[in-house]
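Residue-level structural notes
Each chain, written out:
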Amino acid sequence: MKATRLPDLILLNGSSSSGKTSISRALQDLLPVGYLAFSVDDVFSWLPMRWHNSDAGFRFAPQPNGELPIISGPEALTVMRAWRRMVGAALDAGVRGIVDDVFTDPGQRNDWAEVLRGRDVFLVGVQCELQELQRREKDRGDRGDGQALWQHQRVHAQGSYDFEIDTSSSSPIECATAIISALELRREQSVLGSRSS
């Protein structure tokens, strides 16, 4: 692979427990140049405790059908906008990045498009069968039952991707290898609206 074909940012979007973080680490190992990994999960550790399970920050809202939505209050929305701009600032400083995120509303994808305008970005949809997501959710023990059920269709309803992978039966290494192969065939323009060199 030619280094000039590598994007500034590889953006992974998929449900919780779909394997995004593992794929990100595999990409770091396989790509010929260094990429920093930015995970949406990291943001929660930055928050003051009063923003956990609060109307101002993030809270869970269990539903009768078993779904477990996460509701973002005004402080949470501000923090998430700031995080995306922190990633943008890192790109401005000259690093390359891999982001794993969960698009639960159209505003997130649109805001990424704004932050990444003019950047070379590759948007990857990380798919996984619901039954497998739910199995992983239970095995992990650090996710509330019902997050995968709520996110499964929602996260992929915001638009198309430059490339899609399915982690239901593929390993992180296999997925990362497929992504790297797809980089050689990508279009001139990302579906996110950013440029591709």
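See above for the structure.
Residues numbered from 1 in each chain as written. Predicted model: local features only at pLDDT ≥ 70, side-chain atom pairs only at ≥ 80, totals over all residues. Heavy atoms only, no water.

Regarding the packing of aromatic side chains
Put simply, the rule reads: Centres within 6.5 Å make a pair out of two Phe, Tyr or Trp rings, where for Trp the six-membered ring is used; the pair is then stacked when the planes are under 30 degrees apart, edge-to-face when over 60, and tilted otherwise. For the purposes of this entry, the term helix denotes a DSSP run of H or I that reaches at least four residues, the term strand denotes a run of E that reaches at least two, and both are numbered from the N terminus. The cut-offs for exposure are 20% and 50% of the maximum accessible area for each residue type, with area from a 1.4 Å probe on protein chains only; residues under the lower value are buried, those over the upper are exposed, and the others partly exposed.
The full count for this structure, using the stated rule, is three aromatic pairs. For the ring pair W83 and W112, a centre distance of 5.5 Å and an interplane angle of 80° mean the geometry is edge-to-face. Taken together, the positions of W83 in helix α3 (residues 74–92) and W112 in helix α4 (residues 106–115) put the pair 29 residues apart, joining distant regions of the chain. An identical accessibility class is assigned to W83 and W112; each is buried. Between F122 and F163, the aromatic rings sit 6.4 Å apart at their centres with planes inclined by 20°, giving stacked as the arrangement. Here F122, found in strand β6 (residues 121–127), pairs with F163, found in strand β7 (residues 163–166); they are 41 residues apart in sequence, far enough to count as distant.

Regarding the pairing of strand β1 (residues 9–14)
What counts here: Only strands joined by at least two bridges in the DSSP assignment are considered to pair.
Most of β1 sits out of view: six of its six residues are buried. Of the two faces of β1, the one holding L9, L11 and N13 and the one holding I10, L12 and G14 are both buried throughout. Taken together, the five bridges between β1 and strand β5 (residues 97–101) define a ladder with parallel strand orientation. Across the sheet, N13 pairs through a bridge with D101, a residue of β5. The pairing of β1 with β6 spans six bridges and is parallel. Among the inter-strand pairings, N13 is bridged to a residue of β6, identified as G125.

Things to note about α4
As a reminder, the rule being used: The directions considered for the arc are those from the helix axis to the C-beta atoms. Whether two residues are in contact is decided by their heavy atoms: any pair within 4.5 Å suffices.
The set of residues buried in α4 consists of Q108, R109, D111, W112 and V115. Along the axis of α4, the buried residues cluster in a sector spanning 165°; they form a single face. Lining the buried residues of α4 we find β1, α3, β5 and β6.

Comments concerning the state of the cysteines
Rule in force here: A pair of cysteine sulfur atoms is labelled a disulfide when the two atoms are within 2.5 Å.
One pass over the full model with this rule turns up zero disulfides. The thiol sulfur of C128 is not disulfide-bonded, and the nearest other cysteine sulfur, from C175, lies at 9.2 Å. By relative accessible area, which is 5% here, C128 ends up buried. A relative accessible area of 3% places C175 in the buried class.

Comments concerning the pattern of salt bridges
Keep this limit in mind: For this document, the term salt bridge refers to a Lys or Arg side-chain nitrogen within 4 Å of an Asp or Glu carboxyl oxygen.
Following the criterion strictly, the structure yields 11 salt bridges and no others. A salt bridge links D145 to K138; the shortest N-O distance between them is 3.3 Å. Among the residues examined, K138 registers a relative accessible area of 57% and is labelled exposed. Three or more residues joined by partner-sharing salt bridges are found here, namely R81, R84, R85, D111 and E114.

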